[in-house]
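In case you want the letters, here they are:
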Amino acid sequence: MKRTLIVFVLFLSACSAGPKTVPLFIYDGNDAYISEFEIKIHQAVGEDFLIKTYESQNSQIIQNEQIDQVFKDKHTLLIINPVDRLSVYAIIEKARQNDTTLIFFNREPLESDLYSYDKAYYVGADATQSAELQASVIMDLFDNDPKNLNQLDKNQDGIIQTVILKGEQGHQDAEARTKFVIQELNQAGYKIQVLDIVIANWDREIAYSLMDGLLEKNGEAMELLISNNDAMALGAIERLSEKGFFKDSNQNGIIDRVNEPWFPVVGIDGISTAIESIKAGYLYGTVKNDSQNMALIIIELTKWLLEKRSLEDFPYEIKSGKYVWVNYQKMTLDE
Amino acid sequence: MIKKLNELSLGQSIFLVTIIIFAAFLTLSTVLSNQLIFSRTDTLIETTSKEINKQVIMNYENYLSNVIGISNTLQKYIVESTADNKVDELSQLFLVTTNIESNILNVALISQDGRLIASSVEVEIAPDIVDVSWFKEAILASDIHHFSGLHTENFFIEGKKDVFTVSKSVQYSENDKVATGVLMIDIDTSNFKILAQQTNLGNKGHIVIMSQNDKIIYSSDPLCLTSNCSSANIISDIVLGGRLVKWDNLNMYVNVNTIKDTRWKIATFINVNEITNTKTDILIRLILIFILTLITTAITSSYFTRRITIPMNTLKNHITLIEHGDFDSRIHVEGQKEVVHLAEAFNTMSNRIKELMVKVFTEQNEKRKTQFIALQNQINPHFLYNTLDSIVSLSENNRNKDVEAAIIALSKFFRMSISNEMNLVELKDEIEHVRNYLLIQQIRYQNTFVFDFEIDDEVMHHKVIKLSLQPLVENAILHGIHPDEAFSTILIKGYALDGFLYIEIFNEGYGISKERINEIHTMIASDQKTNSMGLKNVYQRLKLSFGNDADLILESELDEYTKVIMKMPIGKEESL
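Residues numbered from 1 in each chain as written. Chains lettered and ligands numbered in written order. Predicted model: local features only at pLDDT ≥ 70, side-chain atom pairs only at ≥ 80, totals over all residues.

What follows is about the overall build of chain B. Assigned secondary structure in chain B consists of 14 helices and 18 strands. For chain B, the residues scored as buried account for 31% of the 576 residues in total. Partitioning the contacts of chain B with sequence separation of at least 6, the portion at a separation of at least 24 is 64%. (Helix = DSSP H or I, 4+ residues; strand = E, 2+ residues; numbered from the N terminus. Buried ≥ 20, exposed ≤ 12 C-beta atoms within 10 Å, placed from the backbone. Contact = placed C-beta atoms within 7 Å.)

In terms of helices and strands, chain A carries 11 helices and 12 strands. When the 335 residues of chain A are sorted by exposure, 47% land in the buried category. Long-range contacts, defined as pairs at least 24 residues apart, comprise 73% of the intrachain contacts of chain A with a sequence gap of at least 6.

The subject of this paragraph is helix α10 (residues 272–279) of chain A. Working note: α-helix, 3.6 residues per turn, so residues spaced by three or four point in the same direction. Residues and elements named next belong to chain A. Those residues of α10 lying buried are Ala-274, Ser-277 and Ile-278. Along the long axis of α10, the arc covered by the buried residues comes to 100 degrees, so they all point the same way. Summarising the geometry of α10, the exposed residues directed more than 90 degrees from the buried face are Ser-272, Glu-276 and Lys-279. The inward-facing, buried residues of α10 contact α9 (230–242), β10 (285–289) and β12 (328–332). A positive phi of about 85 degrees marks Gly-281, the residue just after α10. (Arc of directions from axis to C-beta.)

Side chains of nonpolar character tend, in soluble globular proteins, to be buried together. Counting 161 residues, the largest nonpolar core has Val-123, Ala-236 and Ile-298 of chain A as the members making the most contacts within it. Sort the elements by how many residues they give to this core and helix α2 (residues 10–83) of chain B lands first, with 8 residues. Look past the residues within four positions of Val-123 of chain A in its chain and what remains in contact with it is Ile-103, Phe-105, Met-294, Ile-297, Ile-298, Leu-301 and Val-324 of chain A. In terms of nonpolar packing, the next biggest core, distinct from the first, is built from 39 residues, Ile-391, Leu-542, Val-564 and Met-566 of chain B among them. (Core = buried A, V, L, I, M, F, W, Y, C linked by C-beta atoms within 7 Å.)

Residues and elements named next belong to chain A. With respect to topology, 6 strands assemble into an open sheet ordered β2-β1-β3-β4-β5-β11, the strand pairing being parallel. The outermost strands of the open sheet, each flanked by one partner alone, are β2 (49–55) and β11 (323–325). The sheet shows a mean angle of 20 degrees between the axes of neighbouring strands, taken without regard to direction. Note that strand β5 (residues 120–124) and β11 share 3 bridges and pair parallel. If you follow Val-123 over to β11, its bridge partner there is Val-324. The strands touched by helix α3 (residues 60–72) within the sheet are β1 (20–26), β2 and β3 (77–80), with β1 carrying the most contacts at an inclination of about 170 degrees. Strands β3, β4 (101–105) and β5 of the sheet are contacted by helix α4 (residues 88–98), whose axis makes an angle of about 160 degrees with β4. (Pairing = 2+ DSSP bridges. Axes fitted to C-alpha atoms, helices over the stretch in contact; angles between N-to-C directions.)

Moving on, we come to the pairing of β3 of chain A. Residues and elements named next belong to chain A. Direction of pairing for β1 relative to β3: parallel, over a ladder of 2 bridges. Residue pairing for β3: Leu-24 is matched across the bridge by Ile-79. Bridging between β3 and β4 involves 4 bridges; their strand directions are parallel. Looking across to β4, one finds that Leu-77 is bridged to Thr-101. A crossover links β3 with its parallel partner β4, the connecting element being α4, and its sense is right-handed. (Right-handed = clockwise from strand over helix to strand, strands pointing away.)

Bringing the interface of chain B and chain A into the picture now. In this assembly, 21 residues from chain B lie in contact with 22 residues from chain A. Going through the elements one at a time, α2, β9 (241–247) and β10 (250–259) of chain B are the ones with two or more residues in the side of chain B that touches chain A. With 6 residues, the top contributor of residues to the side of chain B that touches chain A is α2 of chain B. Its residues assigned to classes, the side of chain B that touches chain A shows 6 nonpolar, 7 polar and 8 charged. (Nonpolar A, V, L, I, M, F, W, Y, C, P; charged D, E, K, R; others polar.)

On to the sheet that holds strand β16 (residues 500–507) of chain B. All names here are of chain B. Strand order in the open sheet formed by 5 strands is β13-β15-β16-β18-β17, with mixed pairing between adjacent strands. This sheet does not close on itself; its edge strands, each paired only once, are β13 (449–455) and β17 (551–557). Averaged over neighbouring strand pairs, the angle between their axes works out to 15 degrees when direction is ignored. Bridge count between β16 and strand β18 (residues 561–569): 8 bridges; the pairing is antiparallel. What sits directly across from Tyr-502, in β18, is Lys-567. Contacts from helix α12 (residues 469–480) reach β15 (488–497), β16 and β18, with the element oriented near 25 degrees to β16.

With that out of the way, let us pick up helix α2 (residues 32–44) of chain A. Residues and elements named next belong to chain A. If you check α2, its first and last C-alpha atoms are 18 Å apart, about what 13 residues at 1.5 Å a residue would give, namely 18 Å. Within α2 the residues assigned to the buried category are Ala-32, Tyr-33, Ile-34, Phe-37, Glu-38 and Ile-41. Residues of α2 that are buried sit in contact with β1, β2, α9, α10 and α11 (291–306). (Expected span 1.5 Å × (residues − 1).)

Residues and elements named next belong to chain B. Phi at Asp-214 takes a positive value of approximately 60 degrees, unusual for a residue other than glycine. Among the secondary structure elements, Asp-214 is positioned in the loop between β7 (206–211) and β8 (216–219). The phi dihedral of Asp-498 is positive, around 50 degrees, even though this residue is not glycine. With respect to the secondary-structure elements, Asp-498 resides in the loop between β15 and β16. What makes Asp-498 exposed here is the crowd of 7 C-beta atoms within 10 Å.

Another aspect to go through is the packing of α2 of chain B against helix α7 (residues 273–323) of chain B. Residues and elements named next belong to chain B. Contact pair α2 / α7: the axes reach a minimum separation of 9 Å and the direction vectors enclose 165 degrees. Judged on the interaxial angle alone, α7 and α2 are roughly antiparallel. Every pair of crossing elements has a handedness; the one defined by α2 and α7 is right-handed. When grouped by side-chain class, the residues that make up the contact of α2 with α7 number 19 nonpolar, 13 polar and 2 charged. (Parallel < 35°, antiparallel > 145°, perpendicular 65-115°, else oblique. Left-handed = near helix turned anticlockwise from the far one by under 90°.)

Take the confidence of the model for chain A next. Overall, the predicted model of chain A reaches an average pLDDT of 89, with 94% of residues at or above 70. Note on residues 9–17 of chain A: pLDDT under 50 across the span, and 0 contacts to partners over four residues away in sequence or across chains. (pLDDT = per-residue confidence, 0-100.)

Here the focus is the confidence of the model for chain B. In the predicted model, chain B carries a mean pLDDT of 84, and 92% of its residues have values of at least 70. For this predicted complex, the interface confidence reaches an ipTM of 0.73, while the overall pTM sits at 0.64.

Residue and element names in this part refer to chain B. Along the chain, Met-357 turns up in helix α8 (residues 337–378). Classification of Met-357 by C-beta neighbours within 10 Å gives exposed; the count is 12. The sequence separation of Met-357 and Phe-327 amounts to 30 residues, and the corresponding C-alpha distance is 9.8 Å.

The structure is reproduced here in structure tokens:
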């Protein structure tokens, strides 16, 4: 009897031991950038803990349900890429009730929500910076001379006629990228005429299907396509190619910008398919959201928080004790 | 435990063990099935409720995202129209929007300092509009749409209707400069209510929508109008997710979720009383089955136990009777066939015991009688006086040799009679005894008879009943000495034939008639007392010792002879 009891106790302790599991919520597994990011997080995890991914199919309802379930399992830390950044306040309330630490990424919660709870953090890239760098890519495109635009100003009116593919309405990144790319170009002295802003929800397919309407309306006038992310840019390029805006005349799989027709499209994120597209001469440039580094920082922060170490010595700057900003990088064929 | 078990009767043990095993297994199966059913119904409740909740939220989200879509479109036009100084067209657009979208009551663009730039209705608005919360919040967080709580619209339609206001900070051009303003859209709440009523949430099931700071925006429960009502408390407690709760004594599954883009919480209270009542019903039924099965088991087990234990007890009591020497009573049991068999076997056994006891008793009795008779003979004073008288007369006649022989014979005769040996003796001993007897009688009867023995040597060592010959020879002398003849003969033969030992005592007397022989036969075989005790005693002992094959036969021819034949099976002496 006694022996059985000991074996049983050993068995129990064996069960409770072993690495901790940290739930990771991603807003949509169909988002190319996010699924790449998830892989990078898994690659960054050492042996200190395990990551279990919950995929929310772009539905806050599903995510809420998953989070409710996870709270029942008494986790001490959650890594969340929220579907609806405005709903984060409810997650934070729930975390406060359960004394759980939260690390948000990719979609920035409202500042007031994040500051309302001392165990909430955000790891991300500053949307403003991505817009600034995207503007810089565009300036490169026009040879950095706002007074004397090159041949890409097709009607030579000194104004860049552009169409913007916007991510999600209300999404902070979409709003900021849209707003600041224009603002940055304006400040640098470029005259920009926004022909149209269409919302494609970060989605390649949606962007692809929206292109026909845009081309019909703005067709010849359009001189530049600015996309809030690479996926939408690639969707647009796919349709533009079908419409003859890109033509691989010698069929070598590469667009030669000197001899073959092409159309300037810029994106943000630097996902692998976008980089391939740049190499093939289709996408002009993008701004790389350094997800590699960001994944490392998230895992490092998770480790420190799980071990309850003082964040004062954390190797990355934590702004206001809440924000860890990761820098973007310009990516074009030249750089 | 074992000790206590040993103290229980057979019936109690069987009953107890059966009940314990049954109760254990029943409890186990009841608990397990109960758990299974409960977890299944719990899962059912959870999934159904969550599906309904999802549907409700999707309805609201569709409805509200439509508003956001319109706002986005309007913002684009605001930029364009104001850049072209076409503010009138903007008011026209707002009006058309309210006409197309019946939910939208009013659209207006207000400058940061509270001036009306464009509006779907022509009104003067009070400048204190900048102090209204939806206005201030839009300016404060410029990148999101703000959804106000339900309120009466006082600026545009003078409190005629309940609305909620969607406000968003927008950029527009004023005098060729970029200015910040607020786009506001008033939404009719009647569709809000219709959406709530369309969903079937069961009796008293309801929907509550709350703002992020737990103020009630809308509640389909008429009793829940302030943030202090029970529903609101439950929502604040759950925060996010689903849980089964008691509400107004009803079982409700509550799901709290957020509505996308609005910073609102929506809670569906779904009445699941019927399902949870089913749970109670099932529990009651399971317990009923449990009790019924247990009772049935108890009854059946006690019935079968009694079928065994009652006959066993009868048997036990009967054995007690036998212990006290009562072999006559018989058991009659009904019940399990094994026990009935046992009882029957027991009856047979007790019958047999009784038979044997009677036999032993009779035998002992006969033996006692024989000895008594022998004793009677031995101490028969006439026999002794007469013999002694005969010896005296022999002595007077100086027949000293004869005196000596007579005294020796008398002495031997008595020694054998008195000796308390076995019931059975060898034939030679018995012959010796009879010879002495005959010698004495010859002296007494003054040689009026002669005797002779014709005994085969091979039978000399066969067993015969002790003192069985002497009574027969005595009879032969009494009845067989023919008075008219000088010498009568008494002949004693012994031989074996067909597995039987025959001893014949032959005398020449008057003989006995057939009728008398038959009479004697009947007499000796019966239990009645007779004057011929000697013959009867021998007959009875013969039967007891050698069984039914042994016999005592009388043969006679009148005036010729009488023959008594003793017939015994060889080697069949019953060693009792």
